[in-house]
Amino acid sequence: GWDGRLPAPFLPRVIGRAGFDLIRNPDVIDKYLDSAYVHRAAHDGSHPDSFHPPGHPDHDGVEAGRTLASRIRECTEGDGGHAAFASILFSPPASDRATGGPADFYATLRGLEADVLLLFGEEDEWCSPPVARRMHATLAGRGDGGGDGGEGGPATRYVSLGGCGHCPVHEAPGATAG
């Protein structure tokens, strides 16, 4: 099998190219964004600057009105994008360093030694609130500190934002910046 390194062999390159062309279709990108966002105005260009509202120091009047889908599509138009996609698509799954077997997501979370802020949209269909709460419980159980950053373990904080989907940074920039 292929180890995921570039350049990709012929067959993964052809399959990867077909898949890449499909998912970078503007209509497909738009459908993914509709499923990720609760508020369409956060990605459809109807807000003067979907990333930074007027008055924000990073507001860009030139970018105003451009859809997120068109920005995403633009990133796929350079050389090598399809090869990178094929590499991701065909690379082997992450492995557990200790056992060499497949990595377990929650075991990996338990192994994190850094403070963690989990910020989730309550209406996220991709990473639902029960999944977010399980991640929080897993992280909060690390070490002896109970997840509060006390003696014996790193801190874990869970923030759930109402009225947000998978991309709270775009849908609630004020709440996520603070």
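This write-up is about the structure you can find in this document.

1. Some words on a nonpolar patch on the surface
Step number 1: On the surface, F10, L11, V14, I15 and L89 cluster together into a nonpolar patch covering about 480 Å² of accessible area.
Step number 2: Per-element accounting of the nonpolar patch gives the leading share, four residues, to helix α1 (residues 10–23).
Step number 3: Locating I15 in the fold gives a position in helix α1.
Step number 4: For I15, a relative accessible area of 39% corresponds to the partly exposed category.

2. Details of the layout of surface pockets
Step number 1: The volume enclosed by the largest pocket comes to roughly 160 Å³.
Step number 2: Lining the largest pocket, in full, are F20, I23, R24, I29, Y32, L33, I72, T76 and F85.
Step number 3: Every element with two or more residues in the lining of the largest pocket is listed here: α1 and α2 (26–36).
Step number 4: Considering every element that reaches the lining of the largest pocket, the biggest residue donor is α2, with three residues.
Step number 5: Of the residues assigned to the lining of the largest pocket, the class counts are seven nonpolar, one polar and one charged.

3. Comments concerning the packing of α2 against helix α3 (residues 68–75)
Step number 1: Running from N to C, α2 and α3 cross one another at 125°; their axes reach a closest spacing of 9 Å. One finds that α2 runs oblique with respect to α3. For the element pair α2 and α3, the recorded crossing hand is right-handed. Here P26, I29, D30 and L33 of α2 lie close against α3, whose contacting residues are L68, A69, I72 and R73.
Step number 2: Here the residues of the contact of α2 with α3 are counted per class, giving six nonpolar, no polar and two charged.

4. Digging into the packing of aromatic side chains
Step number 1: Counted by the stated rule, this structure contains three aromatic pairs.
Step number 2: Centroid distance Y32 to W126: 6.3 Å. Interplanar angle 85°. Geometry classified as edge-to-face. Of this pair, Y32 sits in helix α2 while W126 is found in the loop between β1 (116–121) and α6 (129–140), placing the two residues 94 residues apart along the sequence.
Step number 3: Consider the rings of F120 and Y158, whose centres lie 6.0 Å apart with planes at 35°: the pair is tilted. Taken as a pair, F120 in strand β1 and Y158 in strand β2 (residues 156–161) lie far apart in primary sequence, 38 residues in all.
Step number 4: With a relative accessible area of 10%, F120 lands in the buried category.
Step number 5: Geometry around Y106 places R134 over its ring, the cationic atom sitting 3.6 Å from the centre.

5. Looking at the side chain of R24
Step number 1: Tracing the backbone through its elements, the reader meets R24 in the loop between α1 and α2.
Step number 2: Side chain to side chain, R24 and T76 meet in a polar contact 3.1 Å long.
Step number 3: Apart from residues lying up to four places away in sequence, R24 is in contact with R17, I29, R73, T76 and E77.

6. Thoughts on helix α4 (residues 81–90)
Working note: α-helix, 3.6 residues per turn, so residues spaced by three or four point in the same direction.
Step number 1: Looking only at α4, the buried set comprises A83, F85, A86 and S87.
Step number 2: Tucked into the core, α4 has its buried residues touching α1.

7. Things to note about the nonpolar core
Soluble globular proteins tend to pack their nonpolar side chains together in the buried interior.
Step number 1: One finds Y106, L109, V116, L118, F120, C127, A132, M135 and L139 forming the largest nonpolar core, which totals nine residues.
Step number 2: Going through the elements one at a time, α5 (105–110), β1 and α6 are the ones with two or more residues in this core.
Step number 3: Filtering out sequence-adjacent residues up to four positions away, V116 remains in contact with L139, R142, A155, T156 and R157.
Step number 4: With eight residues, the next largest nonpolar core counts A36, A42, A69 and C167 among its residues.

Scoring rules and cut-offs
Residues numbered from 1 in each chain as written. Predicted model: local features only at pLDDT ≥ 70, side-chain atom pairs only at ≥ 80, totals over all residues. Heavy atoms only, no water. Patch = residues over 30% accessible without salt bridge, like charges linked within 9 Å, V, L, I, M, F, W, Y side chains within 5 Å. Areas by Shrake-Rupley, 256 points an atom, 1.4 Å probe, with all protein chains shown as cover. Salt bridge = Lys/Arg side-chain N within 4 Å of Asp/Glu carboxyl O. Helix = DSSP H or I, 4+ residues; strand = E, 2+ residues; numbered from the N terminus. Buried < 20%, exposed > 50% of the residue type's maximum accessible area, 1.4 Å probe, protein only. 1 Å grid on protein atoms, 1.4 Å probe; cavity = no way out; pocket = protein on both sides within 12 Å on 5 of 7 lines; lining within 4 Å. Points joined across faces, edges and corners; volume = space filled by probe spheres on them. Nonpolar A, V, L, I, M, F, W, Y, C, P; charged D, E, K, R; others polar. Axes fitted to C-alpha atoms, helices over the stretch in contact; angles between N-to-C directions. Parallel < 35°, antiparallel > 145°, perpendicular 65-115°, else oblique. Left-handed = near helix turned anticlockwise from the far one by under 90°. Contact = heavy atoms within 4.5 Å. Phe/Tyr/Trp six-rings, centres within 6.5 Å; stacked < 30°, edge-to-face > 60°. Lys NZ or Arg CZ within 6 Å of the ring centre and 35° of its normal. Polar contact = N/O pair within 3.5 Å; in protein donor to acceptor, adjacent residues only side chain to side chain. Core = buried A, V, L, I, M, F, W, Y, C linked by side-chain atoms within 4.5 Å.

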